[in-house]
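# Fold and geometry: a report
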Amino acid sequence: MSKSKLLDAQKKLLDWYEVHGRKELPWRNTEDVYSIYVSEIMLQQTQVKRVMEEYYPQFLLKFPSLLALSQASLEEVFGMWSGLGYYRRAKNLHQSAILSRDGLPKDLESLQKLPGIGKYTASALCSFAYNQKVSVVDTNIARVLARYFGVENVKETHLWELAELFLNSSAPKAHNLALMDLGAMVCLPKNPSCTLNDSQEMPLGCQCPFIESCKGANNPLKYYKTKSKVYENKTLHFGICIQDGKIAMKTSTEGMYKDMLKLPDIEKYHHETNLIGSFKHSVTRYRLEVHVYTADSVEEDVLWLPLEMLPNAPISSMTQKALKLSKAILHD
Ligand code: SF4
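Report follows, based on the coordinates. Computed from a predicted structure; not experimentally measured.

### Section: the pattern of salt bridges
Under the counting rule described, the total for this entry stands at 12 salt bridges. Between arginine 28 and aspartate 181 there is a salt bridge; the shortest N-O distance is 2.8 Å. With arginine 28 in the loop between helix H1 (3-20) and helix H2 (33-43) and aspartate 181 in helix H11 (residues 172-185), the pair connects residues that are 153 residues apart, well separated along the chain. For the pair shown, arginine 28 and aspartate 181 are each scored as buried. Between glutamate 232 and arginine 285 there is a salt bridge; the shortest N-O distance is 2.6 Å.

Written out as structure tokens, the structure is:
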């Protein structure tokens, strides 16, 4: 790509961002690296709207600094993360806070030594918080770059090279944010704006600034396809056992719910008549069918949690659903 074409594309991108970019997002209106770090971790597997409305402000209110987070117990952190899923993120966040309570490192290499911080998150922090001249590649940016440069089956290392080549060194932070928004709003996985015809209504901000220079504009889906997920089915049986105002819970010792509280497993054939209800739940690659029963007794190594402590306990959204199903019993 010639220098003049590159400069033209960079300028068009920034002009588009100036008008249509999501500049109102709270983590874009701060240079506090801790707040940006929290947002980046929350946004890894969760929609922007949900993070912004239900978790981000509440989390920062409870743990306003890295130091405050480092002084909290893991249970308290899980409590604030409750329902957000992928609890390993919260555990890594807490662990990183303990390891760097006086301040997060300021370079790519040191940041990546902290738990849960990979190349993307380290680059995002260097760019968005420290305003350094570094490129950033997330899934949205990857899609734009692969299509813009017309690269099929693009490898990750090549994407980082393209991002580096394309980086606007005069305004690296705005450039990265603009590319991210372009991928999230315009260069969509299935319906990028260049495939919309005149009869289709084009949402606000959908005119792509790269329409004239993008190599993939004639056949964008050829350059970046969304991989279809392979799911595994599982059936789970949980028991609700309440004694003297306390509910039997177990601490998960492995997997993504490690250290979270869950209901005790229960053998179905002993308790079929005690079925309270069933529901389906999807999490990561699992499609779960969950059955919940009343149980008169459970194994001995359970934790007896006072019912009033349930709302702030570190429990997953699946356990929350099971408890919701058992609402009448819990309020007896
Ligand atoms: S022209 Fe189409 S494929 Fe190219 S960046 Fe824009 S929306 Fe994506």
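### Examining helix H10 (residues 156-166)
Of the residues making up H10, those classed as buried are Leu159, Trp160, Leu162, Ala163 and Phe166. The buried residues of H10 all sit within an arc of 160° when viewed along its axis, so they share a single face. Exposed residues on H10 whose side chains face more than 90 degrees from its buried face are Thr157, Glu161 and Leu165. Taken together, the buried residues of H10 touch H1, helix H8 (119-128), helix H9 (139-148) and H11.

### Quick look at the nonpolar core
Of all hydrophobic cores here, the largest spans 93 residues; its most connected members are Met42, Phe59, Trp81, Phe166 and Phe210. In terms of residues, this core owes the most to one element, H2, which gives 7 residues. If you look at the next biggest cluster of nonpolar residues, it comprises 6 residues, including Cys241, Ala248, Tyr293 and Val302.

### Details of the sheet that holds strand S1 (residues 232-240)
Spatially, the 3 strands line up as an open sheet ordered S1-S6-S5, and their pairing is mixed. Since the sheet does not close on itself, it has two edges, and those belong to S1 and strand S5 (275-283), each with one partner. Going from strand to strand, the sheet's axes swing by 20° on average, the running direction of each strand aside. Taken together, the 9 bridges between S1 and strand S6 (residues 286-294) define a ladder with parallel strand orientation. The partner of leucine 236 across the bridge, within S6, is valine 290. Contacts between helix H13 (residues 317-325) and the sheet are confined to S1, S5 and S6, with S5 contributing the most and set at about 155° to the helix.

### A look at the packing of aromatic side chains
For the structure on display, the rule yields 9 aromatic pairs. On the numbers, 5.9 Å between centres and 90° between planes, the contact of phenylalanine 78 with tyrosine 87 is edge-to-face. Just as phenylalanine 78 is buried, tyrosine 87 falls in that class too. Aromatic pair phenylalanine 166 and phenylalanine 210: ring centres 5.8 Å apart, planes at 65°, arrangement edge-to-face. Highlighted residues: phenylalanine 166 in helix H10 and phenylalanine 210 in the loop between H11 and helix H12 (220-223), separated in sequence by 44 residues. One exposure class covers both phenylalanine 166 and phenylalanine 210, and it is buried. A connected cluster of aromatic rings, assembled from ring pairs, spans Tyr148, Phe149, Phe166 and Phe210. The ring of tryptophan 160 has lysine 119 lying over it, and the distance from NZ or CZ to the ring centre is 4.2 Å.

Criteria and thresholds
Residues numbered from 1 in each chain as written. Predicted model: local features only at pLDDT ≥ 70, side-chain atom pairs only at ≥ 80, totals over all residues. Heavy atoms only, no water. Salt bridge = Lys/Arg side-chain N within 4 Å of Asp/Glu carboxyl O. Helix = DSSP H or I, 4+ residues; strand = E, 2+ residues; numbered from the N terminus. Buried < 20%, exposed > 50% of the residue type's maximum accessible area, 1.4 Å probe, protein only. Arc of directions from axis to C-beta. Contact = heavy atoms within 4.5 Å. Core = buried A, V, L, I, M, F, W, Y, C linked by side-chain atoms within 4.5 Å. Pairing = 2+ DSSP bridges. Axes fitted to C-alpha atoms, helices over the stretch in contact; angles between N-to-C directions. Phe/Tyr/Trp six-rings, centres within 6.5 Å; stacked < 30°, edge-to-face > 60°. Lys NZ or Arg CZ within 6 Å of the ring centre and 35° of its normal.

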